[in-house]
Amino acid sequence: GEDVEQSLFLSVREGDSSVINCTYTDSSSTYLYWYKQEPGAGLQLLTYIFSNMDMKQDQRLTVLLNKKDKHLSLRIADTQTGDSAIYFCAESSDSGGGADGLTFGKGTHLIIQP
Amino acid sequence: DARVTQTPRDKVTEMGQEVTMRCQPILGHNTVFWYRQTMMQGLELLAYFRNRAPLDDSGMPKDRFSAEMPDATLATLKIQPSEPRDSAVYFCASGDRGSTEAFFGQGTRLTVV
């Protein structure tokens, strides 16, 4: 079945860039997502990318997709204390009526050092 | 401010009791998802509905879990009887046809003792 893998922890200094990596196995993935979860809260969609794109930029966030290697990354520029959270990579396919259920990675805990 | 609303936010119950979790999707959304989050398994898709019809519930233990959409404004997830291993945070999410985004509720934290 589908599988999404991420490292569990990433520690960066405030002001540096954070790069969170993800690999997936489902070659039929149509959409790839990054969600953010703060303590005690639900998941907030940060950004997504279609599988026919290789890069998307949105303010401090840059998503890179290497479809050949099934590798997705999220770069957060100028990391701030408010970026401290769990970041989930997710993928879904589309059966024709909109996105199907998401398959999530286990999440990467981003720890910000002062 | 449109949002997915889940009730209750927290539920503590004894093993063997019935638990019902409710979700109000965003008005107009036609797809509703139920996810379960645990430390060990992460986020797992339990079931989802499109236009109130169940599309996939293969992630849900059928013997004790049931999911329904009595109407377009309410989705329910029921566990009967509950067991300690069901302790988790249960998230509901909704999405619109043709949309790539699923909006998540705040979750229901279930503790079965």
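For every chain, the first residue of the written sequence is number 1, and numbering continues from 1 along that sequence. Each chain is given a letter, starting from A, and each ligand a number, starting from 1, according to the order in which they appear as written. Where local features are concerned, this predicted model is filtered to residues with pLDDT of at least 70; where side-chain atom pairs are given and counted, the filter is 80 or more; whole-chain, interface and lining totals use all residues. Excluded from the side-chain calculation are hydrogens and water; included are all heavy atoms of the structure.

(A) Quick peek at the interface of chain B and chain A. Note on definitions: a residue-residue contact is assigned when non-hydrogen atoms from the two residues lie within 4.5 Å. On the side of chain A, 22 residues touch chain B, which itself brings 21 residues to the contact. Accessible area, probed at 1.4 Å, shrinks when two parts are joined; the buried area is that loss added up over both. Sorting the residues of chain B by area buried against chain A places Leu43(B), Thr100(B) and Phe104(B) first, and these three jointly supply 35% of that buried surface. Counted as salt bridges are all cases of a side-chain nitrogen of Lys or Arg within 4 Å of a carboxyl oxygen of Asp or Glu. One can count zero salt bridges joining chain B with chain A. Ranked by residues supplied to the side of chain B that touches chain A, first place goes to strand 5 (residues 42–50) of chain B with five residues. In this classification, Asp, Glu, Lys and Arg are treated as charged, Ala, Val, Leu, Ile, Met, Phe, Trp, Tyr, Cys and Pro as nonpolar, and every other residue, Gly included, as polar. Residue composition of the side of chain B that touches chain A, grouped by class: nine nonpolar, eight polar and four charged. Where helices and strands are cited, they refer to DSSP runs of H or I of at least four residues and of E of at least two residues respectively, numbered from the N terminus.

(B) Highlighting the sheet that holds strand 8 (residues 74–79) of chain B. Residue and element names in this part refer to chain B. A pair of strands is treated as paired once DSSP finds two or more bridges between them. Strand order across the open sheet formed by four strands is 1-3-8-7, with antiparallel pairing between neighbours. Two strands bound the open sheet, and with one partner strand each, they are strand 1 (5–7) and strand 7 (65–71). The sheet shows a mean angle of 20° between the axes of neighbouring strands, direction not considered. Bridge count for strand 1 against strand 3 (residues 19–24) is three bridges, and the pairing is antiparallel. The partner of Gln-6 across the bridge, within strand 3, is Cys-23. The angle between two axes is taken between their N-to-C directions and runs from 0 to 180 degrees, where each axis is a line fitted to C-alpha atoms and a helix contributes only its stretch in contact.

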